[in-house]
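Observations on the three-dimensional arrangement
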Amino acid sequence: MAPSSPRVRAGLLGLGLAVTACLSVPAPATAGTSVATSRTAAADTSSAAALTVEELRLDRAVPREILAASGFDTVTPELARRLGTARSYAQARRIVVGEGSALWRRAVDRAQGRGPADGELSRDDDRPLYWARLAMSRHVREWDPGFGLSEVQRAALLGDLEQTSRGRTDLRHPPGAKGLKRVLVTGFDPFTLDRDVRISNPSGASALALDGTVIETAQGPARIETAVFPVRWRDFAEGTVERTLRPYLRQADLFTTVSQGRVGRFDIERTNGAWRGGFPDNENVSRRETVPVADPASQPQWTTTSLPYREIVAADTGRFPVYDNTSVTEIPAGGTAPVVRPDGPTAGSTARAGGGGDYLSNEIAYRATLLRDRLGLREALPGGHVHTPVLQFGAGNTDPATGTVTDPEFVRNRLDIIAQVRAIVAVAVSGAAG
């Protein structure tokens, strides 16, 4: 597939999105602050003022190119057409649920080779799902139906779109399948998009490639169900991880949260910390605080993986090395300054970073393993976090100002990461059973 230039294609690509002159995305917030507004700094009475920072990025050329080059530029026009037929809130809600579910299924089917491969982007690309979801949410946010729509109702429609288009309502392990192991895997949206709006997230791509698939392991077949999470502090504070995982953890034989981590390596994160370090999220919001959870009085500073990390590290799962990462950053008991501990936390210490850092990768691992423990599944349910390598563009295509949205090395790296995530899950199932 020949890469194409976003600058050449920008004038040819249309989504029906209103491009507002002179809009700019706010600079990332300084770590250590709490940004009260997650919207553009330009406050006015136009509909654009209500758009989120993520939705405003759709006005750039690259997101529109990704949608057109994947065939996903038809998604929002279809939603708009169907919403145009709605005569009540109830009808609108059925339409949004249906179109959100269809977007998730379309992204999964495309990633797994089903249906037409519209456009020039390779099937393994996770970015069409991300940008199509934002184009849909932007339309719902700006939609003005003749029957009237309260802000509470609009928020409910946006919530329905989030739930359905991220695979959360599609998590179904078939009951009564004798000998079939049940595995839950989660991924993330692309992030750091103001640094490079072309970015893809291999954890999200892995979720699309693995959803509903059955893999063979040394302990027999295992069916994988997946969901993708936003890179937004507020969603996590509102309990989206717990609401998504709680109904399924008791049914699962193994779970792993997955995110993009370090360059050139996989990490099995041994310990997760109860601390948010302040790095800006996809809304350019920064949070520096203890991870907010229900019942904070019983909240531990640390949680640990129950994945079979020794077996995973020892196995030949692919071209990237896999490490058992035991390092954390803590404030020791009685101390005041953070200290890096290569071998894990000491007794009575306060978390400042888990093995996976102090961003949302660490937080999803912390929340998922804390939920495991609070459900009384610590000894029964293997679970933890896997960090993938950073997905890199090919040599000569690293400058976002001049680069193309894809290249052969970029695709090869993503495919290799996806294949290795699949292999790691297979080893985890076998190691846990053993």
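Right above here is the structure, for reference.
So, a few notes on the structure that sits alongside this text. Because the structure is a prediction, the values reported are computed rather than measured.

Let us now look at helix H8 (residues 202-210). With respect to burial, H8 is a largely interior element, 9 of its 9 residues being buried. Residues Pro-202, Ser-203, Gly-204, Ala-205, Ser-206, Ala-207, Leu-208, Ala-209 and Leu-210 constitute the buried set of H8. Gly-212, located one to two residues past H8, shows a positive phi value of around 75°.

What follows covers the sheet that holds strand S11 (residues 328-331). Judged by pairing direction, the sheet is antiparallel, and its 3 strands sit side by side in the order S12-S11-S13 without closing on themselves. This sheet does not close on itself; its edge strands, each paired only once, are strand S12 (339-341) and strand S13 (350-353). Strand-to-strand twist in this sheet, taken as the mean axis angle between neighbours without regard to direction, amounts to 45°. Two elements, S11 and S13, share 3 bridges in a ladder whose sense is antiparallel. Its bridge partner lying in S13, Glu-330 is registered against Ala-351.

Here we come to the pairing of strand S14 (residues 383-388). Most of S14 is tucked away: 6 of the 6 residues are buried. Across 6 bridges, strand S4 (residues 254-260) lies against S14 in parallel orientation. Within the sheet, the bridge partner assigned to Val-258 lies in S14 and is Val-386. In this structure, strand S5 (residues 266-269) lies alongside S14, joined through 3 bridges in antiparallel fashion. Paired with Glu-269 across the strands is His-385, a residue of S14.

This part covers the pairing of strand S2 (residues 214-217). Because side chains alternate across S2, one face comprises the buried residues Ile-215 and Thr-217, and the other comprises Val-214 and Glu-216, none of which is buried. Judged from the 4 bridges that link them, S2 and strand S3 (residues 220-229) form a sheet pairing that is antiparallel. Bridge assignment links Thr-217 to a residue of S3, and that residue is Gly-220. Counting the residues that bridge the hairpin from S2 to S3 gives 2 residues.

Cut-offs and rules
- Residues numbered from 1 in each chain as written.
- Predicted model: local features only at pLDDT ≥ 70, side-chain atom pairs only at ≥ 80, totals over all residues.
- Heavy atoms only, no water.
- Buried < 20%, exposed > 50% of the residue type's maximum accessible area, 1.4 Å probe, protein only.
- Helix = DSSP H or I, 4+ residues; strand = E, 2+ residues; numbered from the N terminus.
- Pairing = 2+ DSSP bridges.
- Axes fitted to C-alpha atoms, helices over the stretch in contact; angles between N-to-C directions.

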